[in-house]
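# A closer look at the structure
Here are the chains, one letter per residue:
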Amino acid sequence: MAAFGLIIVACQVLFIGASFQSALVLDMAKILLDNYCLPENLVGMQEAIQQAISSGEILHISDRKTLASVLTAGVQGALNDPRLSVSYEPNYTPITPPALQSLPTEQLIRLIRNTVKLEVMDNNVGYLRIDRIIGQETVSKLGRLLHDNIWKKVAHTSAMIFDLRFSTAGELSGLPYIVSYFSDSEPLLHIDTIYERPTNATKELWTMPTLLGERYGKRKELIVLISKRTNGAAEAVAYILKHLKRAVIVGERSAGGSVKVEKLSVGDSGFYITVPVARSVNPVTGQSWEVNGVSPSVTVNPKEGVAKAKSLIAIRKALPKAVKRVSDVIRRFYSFKDKIPALLNQLAKTDFFTVVSEEDLAAKLNHELQTVFEDPRLNIKTMQGMTLGTPDDHFDHLNDPLFKLEILSGNNGYLRFDRFPTPTVLIRLEDRIKEKVWQPVKDTENLIIDLRYNTGGSTEALPILLSYMFDISSNTHLFSIYDSIRNTTADFHTLRNISGPSYGSRRGVYILTSYYTAEAGEEFAYLMQSLHRGTVIGEITSGTLLHSKTFQVEETNLAITVPIINFIDINGECWLGGGVVPDAIVLAEDAVERAHEIIAFHKDIQPLVQEAGDLLEKHYTVPEVAAKVSRLLQSKLTEGLYRSVVDYESLASQLTADLQETSGDHRLHIFYCEIESLHDVPKIPSPEEVGFIIDALFKVEVMSGNIGYLRIDMMEDVKVVRAIGPQLVKAVWSKLVSTDMLVIDMRYNTGGYSTAIPLICSYFFDARPLKHLYTVFDRSTATVTKVMTLPEVLGQRYGSQKDIYILTSHMTGSAAEAFARTMKDLNRATVIGEPTIGGALSSGTYQIGNSILHASIPNQAVLSAVTGKAWSVSGIEPHIAVQASDALNVAQKIIGKKQQKKNSGKLN
């Protein structure tokens, strides 16, 4: 590794014999190459060192301990491994402790008793502390003793705390033994892979098919405690159990030890290099616990580990019951009966391994439920700050100021009420409300209903209040309610026996909302909007709905709120809440002012809609369709469908949608702009501008095989084309006219002027006889024009015999589309690419009244010169349909094959 040069740089500080230095570094490198457990990181290292030695860069350091420190810094920095270290210890004597399994049985028993502690705590929770992980051979030697004196005493507990906080040593061969007791016998699990560099051997560790005694299994709760002292094999145990999702790890990040580290002598120099000679790779994560340690699932002070583990066991033991309770509540009460099976199935297959608190459980349950069906009303929360009761009726006293009424300028009524009363209260106050509210507002031109401070109340009051907004004789369907507990659906209509005068269905109603508008308040706004009876102005409402019931999840501090009633509008849509989006979104404090502006604007809507229909009937190319659309506009106006329109932009958008939906013609548009911008007349370019225009509009190339390529990005007016004609012929056409075939690229051409189409087409036909291109019927003038090729053109014609290929895309439209369609109709070109937009040859633009609104109406029907039928508005279907990005390549392949046939004499 080239980075090993850091060692060389560090060695330039002090001096010692250069030959000794070189030999030492080379010996270290050899040791690393033979023993370091990550040999792939050493690629190039030896070559880099040899090169540095040969170049004379290695100098001497007088103090050998300083040299060891410098070498340590260099090797750690180069390989990014803090376990590597170099030391100078001339008197070091390696001490090899005896293998554990070689100890006498009595000594092994004494050792195990000192390193293992166990207890059965309250609620049948087992506690097992192991301070050293013993290897497989020791287990085999003392198996029956271990089982009878340790394991048998905790195997029958209902949950276990496995304490590895003080485990600082051990053998990896014991991993399968420990992990197997916390797993099932089948299937066998691959739990670790150990690679040893000195032997270049890889060993896989698997769980064991048979064990002495019974297994703890994988279903009972297991909490593993760790600390920063937890090291080596104990870390491997914790890491494996965590990533098998078998145990919750509690404590602090572990030490970050190694599988095996050896201190190796660098020749007889007195220097030693400490090297990790083996590594662990977890088959689940592909990573290891080494160096970085095991991160806990729940971080706590290790001293508090046991207490935390007990609380976690209590929480996790409650999980199945809690999930079952949630499932039962959903099964019994959830108002969307058709969604219940999917919700319950999702909960049944959910993995709750990561849940370590009630907050986690609530979040997990909410996530899983919303994954199946997004219903914000269905949710689980902790009980802190929640109340399970229902608020008292705010208007139980006759002295409360239920309604506030004013008559504003312009004879507009203003009605504010901050909570919906119960029907009982409304009936009790019936005479007063009639006198104080409905009588004063009955002659106003419009009514502003202020719900900005309305936080809800009784839904049962909605039919009564809504009935005043419609004609008494209408019997209008307002909404429906499905009750899951009773399994009944009730339809609500306007009431005929309201006491006061009805406000009727014709006059404008404007509902003001804010973020605080909630429950029945937002339901009223939602219904007035969905019934097309009112215009909503202000802020998006809170999204807080009633019709739910809250149940405590037993033995937890959780509560589940379940919608037991579905609120269904006249379109059959169930409103899930989430807030009402106003037709005009403004700050709540600006809502009254904005309401007055919209009231003024609404006075002009009726004549504007009428004028739009009249223009359509006068100019649209299909009279019977125009009459049908005009009638529809009037019908929608009468039904209140334009009450959501609050400015010219939204009116243009709504009219465009209505025109296109009914006619099926996407060319019909209503737009708004200043009048002056509509009278753009094609400008004849100055001599200085000609070159710029040609470069901007045309791209020219003669490809291999003498194939011409012409890209046109806009269709200019014929007057402009004629004005730039000489330069256009010289700069563009003269390069193409002698080619054998021509590709015309219209993929990026969205249209422009159609007046130049006859001129452009004329270049691809003979001068005589003149060719009929298409016929134009103009509805506005009732004239029929037969469009022909021109007898004379500037420069040489391409003629009628050479092949032409036109490339199209979904962007190709208007005049560009008309050119491509003409050439296809007359079998003069092969069209390759995507279907085009489907635009008109020409549309007229007409001002709607004296407003800034204008209507773009196709006033010309274009008839095919071949069939005599009107061109379809669905666009051109290419001869060869491909992605626009591939069209040129396809054209080149077709041309290439045709040229090959021609050259071989097979093409006449």
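For every chain, the first residue of the written sequence is number 1, and numbering continues from 1 onward in sequence order. With pLDDT at 70 or above as the cut-off, local features in this predicted model cover only qualifying residues; side-chain atom pairs require 80 or more to be listed or tallied, and sums for whole chains, interfaces and linings still use all residues. Hydrogens and water molecules were not included; the side-chain quantities draw on all heavy atoms of the structure.

### Section: the overall build of the protein chain
Where we set the bar: What counts as a helix is a DSSP run of H or I of at least four residues, what counts as a strand is a run of E of at least two, and both are numbered from the N terminus. This radius of gyration counts C-alpha atoms alone. The globule rule is 2.2 Å times how many residues there are, raised to the power 0.38. Buried, partly exposed and exposed residues are distinguished by accessible area as a fraction of the type maximum, computed with a 1.4 Å probe on protein chains only: under 20%, between the cut-offs, and over 50%, respectively. Between two residues, a contact is recorded if the distance between any of their heavy atoms is within 4.5 Å. Values of accessible area rely on a 1.4 Å probe in the Shrake-Rupley scheme; residue burial ignores everything except the protein chains shown. Only four residue types enter the tally: Lys and Arg on the positive side, Asp and Glu on the negative side; His and the chain ends are excluded. For the purpose of locating charges, the reference atoms are NZ of Lys, CZ of Arg, CG of Asp and CD of Glu.
For the protein chain, the helix and strand inventory stands at 25 helices and 37 strands. In terms of C-alpha radius of gyration, the protein chain reaches 43 Å, well past the compact-globule figure of 29 Å for 908 residues. Summarising its shape, the C-alpha atoms of the protein chain cover approximately 115 × 100 × 55 Å along the three principal directions. Taken over 908 residues, the protein chain has a buried fraction of 50%. Considering only residue pairs separated by 6 or more positions, the protein chain has 76% of its internal contacts joining residues 24 or more positions apart. Total accessible area computed for the protein chain in this model is approximately 42200 Å², and 52% of it derives from carbon and sulfur atoms. In the protein chain, 92 side chains carry a positive charge and 99 a negative one; their mean positions are 6 Å apart.

### Considering the packing of aromatic side chains
Selection rule: Aromatic pairing here means that ring centres of Phe, Tyr or Trp (its six-membered ring) are within 6.5 Å. Orientation follows from the plane angle: under 30 degrees is stacked, over 60 is edge-to-face, and everything else is tilted.
What the rule picks out here adds up to 26 aromatic pairs. Pairing Tyr-177 with Tyr-181 gives two aromatic rings, centres 5.1 Å apart and planes at 75°, and the pair type is edge-to-face. Placement of the pair is Tyr-177 and Tyr-181 together in helix α7 (residues 175-181), with a separation of four residues, close to one helical turn. Judged by relative accessible area, Tyr-177 falls into the buried class, the value being 16%. For Tyr-181, a relative accessible area of 4% gives the class buried. Judged by centre distance (5.1 Å) and plane angle (85°), the ring pair of Phe-601 and Tyr-648 falls under edge-to-face. Within this pair, whereas Phe-601 is found in helix α16 (residues 591-602), its partner Tyr-648 is found in helix α19 (residues 648-663), the two being separated by 47 residues in sequence. Looking at Phe-601, the relative accessible area reads 9%, which means it is buried. Tyr-648 gets classed as partly exposed once you look at its relative accessible area, which sits at 26%.

### A few points about the packing of helix α17 (residues 605-619) against helix α18 (residues 623-638)
Short version of the rule: Lines fitted to the C-alpha atoms define the axes, with helices restricted to the stretch that makes contact. Angles between their N-to-C directions range from 0 to 180 degrees. For this classification, under 35 degrees means roughly parallel, over 145 means roughly antiparallel, 65 to 115 means roughly perpendicular, and everything else is oblique. All amino acids are sorted into three groups, where Ala, Val, Leu, Ile, Met, Phe, Trp, Tyr, Cys and Pro are nonpolar, Asp, Glu, Lys and Arg are charged, and the leftover types, Gly among them, are polar.
As a packed pair, α17 and α18 sit with axes 8 Å apart at the nearest point and diverge in direction by 170°. Here α17 is positioned roughly antiparallel relative to α18, judged by the angle of their axes. Seen from α17, the contacting residues are Ile-605, Gln-606, Val-609, Gln-610, Gly-613, Asp-614, Leu-616 and Glu-617; seen from α18, they are Ala-626, Ala-627, Val-629, Ser-630, Leu-633, Gln-634 and Leu-637. Counted by class, the contact of α17 with α18 contains eight nonpolar, five polar and two charged residues.

### Side note on the pattern of salt bridges
Using the following cut-off: The rule for a salt bridge is simple: a side-chain nitrogen of Lys or Arg has to be within 4 Å of a carboxyl oxygen of Asp or Glu.
Under the defined criterion, the tally for this structure stands at 28 salt bridges. Between Glu-221 and Arg-316 there is a salt bridge whose closest N-O contact spans 2.7 Å. With Glu-221 in strand β9 (residues 221-226) and Arg-316 in helix α9 (residues 305-333), this residue pair connects regions lying 95 residues apart in the sequence. The exposure class of Arg-316 is buried, given its relative accessible area of 8%. Residues Asp-665 and Arg-667 are paired through a salt bridge, measuring 2.8 Å at the closest nitrogen-oxygen approach. The network of salt bridges with shared partners includes Asp-81, Arg-83 and Glu-290.

### Side note on the confidence of the model for the protein chain
Segments scoring low in pLDDT should not have their predicted coordinates read at a detailed level. Put simply, the test is: Confidence scores labelled pLDDT are given residue by residue by the predictor and lie between 0 and 100.
Considering every residue of the protein chain, the mean pLDDT works out to 86; 90% of them sit at 70 or more. In the model, residues 1-17 has pLDDT below 50 throughout and makes 53 contacts with residues more than four positions away in sequence or in other chains. Every residue in residues 387-400 is under pLDDT 50, and counting partners more than four places away or in other chains gives 19 contacts.

### Overview of the nonpolar core
Heads up, the rule is: Think of a nonpolar core as a cluster: buried Ala, Val, Leu, Ile, Met, Phe, Trp, Tyr and Cys residues, connected wherever their side-chain atoms sit within 4.5 Å.
With 71 residues, the main nonpolar core has Ile-330, Tyr-334, Met-469, Phe-524 and Ile-560 as its most contacted residues. Broken down by element, the residue count for this core peaks at seven residues, all from α9. Setting aside chain neighbours within four positions, we find Met-469 in contact with Trp-438, Leu-447, Ile-449, Tyr-503, Gly-504, Ser-505, Val-509, Met-528 and Arg-533.

### Observations regarding empty space enclosed by the protein
Empty space left among the atoms is revealed by rolling a probe the size of a water molecule over them. Just so we agree on the cut-off: Residues are said to line a cavity or pocket when one of their atoms sits within 4 Å of a point; the points come from a 1 Å grid over protein atoms alone, cavities being sets where a 1.4 Å probe fits but cannot get out and pockets being open sets with protein on both sides within 12 Å along at least five of seven lines. Grid points are joined across faces, edges and corners, and a volume is the space filled by probe spheres set on the points.
Going through the model one piece at a time under the given rule, you end up with three cavities of 30 Å³ or more. The space that makes up the largest cavity amounts to roughly 280 Å³. What lines the largest cavity is a set of 17 residues, and nearest its centre among them are Leu-128, Ile-130, Ile-150, Tyr-177 and Ile-178. If you list the elements that add at least two residues to the lining of the largest cavity, you get α5 (105-115), β3 (125-130), β4 (132-133), α6 (136-154) and α7. Broken down by element, the lining of the largest cavity gets its largest block of residues, four residues, from α6.

### What about the sheet that holds strand β30 (residues 772-778)?
Let me state the cut-off plainly: Pairing between strands is defined by DSSP: at least two bridges between the two strands are required.
The three strands lie next to each other as β31-β30-β36, forming an open sheet whose pairing is antiparallel. Bordering the open sheet on either side are β31 (783-788) and β36 (860-864), each of which pairs with just one other strand. Sheet twist, expressed as the mean angle between neighbouring strand axes with direction ignored, is 25°. Where β30 lies against β31, six bridges are found, and the strand directions are antiparallel. When the sheet's bridge partners are listed, Val-776 is paired in β31 with Thr-785.

### A word on the pairing of strand β19 (residues 488-493)
Where strand β18 (residues 477-483) meets β19, six bridges bridge the pair, whose relative direction is antiparallel. Counterpart to Tyr-482 in the pairing with β19 is Thr-489. With antiparallel pairing between neighbouring strands as the criterion, β18 and β19 make up a hairpin whose turn holds four residues, including Asn-487 at a positive phi of roughly 55°.

### Examining a nonpolar patch on the surface
Inclusion rule: Patches in this entry comprise residues that are over 30% relatively accessible and not in a salt bridge; like charges within 9 Å are linked, as are nonpolar side chains (Val, Leu, Ile, Met, Phe, Trp, Tyr) within 5 Å.
A cluster of nonpolar side chains, namely Ile-540, Val-581 and Ile-585, defines an oily patch on the protein surface of about 260 Å² accessible area. Position of Val-581 relative to the elements: it lies in the loop between β24 (565-568) and β25 (584-585).

### Quick notes on the sheet that holds β19
If you walk across this open sheet you meet the three strands as β19-β18-β24, and the pairing is antiparallel. The open sheet has two edge strands with one neighbour each: β19 and β24. On average, adjacent strands in this sheet sit at an angle of 20° to one another, irrespective of strand direction. Relative to β24, β18 runs antiparallel, the two being bridged by four bridges. Within β24, the residue paired with Ile-481 across the bridge is Phe-567.

### Topic: the environment of Tyr-805
Position of Tyr-805 among the secondary structure elements: in strand β32 (residues 804-808). You can call Tyr-805 buried: its relative accessible area is 2%. With 96 residues separating them along the chain, Tyr-805 and Tyr-709 place their C-alpha atoms 9.5 Å apart. If we ignore the near neighbours within four places in the chain, the residues touching Tyr-805 are Met-741, Leu-742, Val-743, Ile-744, Thr-830, Ile-832, Ile-894, Ile-895 and Lys-898.

### Topic: helix α8 (residues 233-243)
In terms of burial, α8 is a largely internal element, 10 of the 11 residues being buried. Looking only at α8, the buried set comprises Ala-233, Ala-234, Glu-235, Ala-236, Val-237, Ala-238, Tyr-239, Ile-240, Leu-241 and Lys-242. Count one or two residues on from α8 and you reach Lys-245, which has phi positive near 55°.

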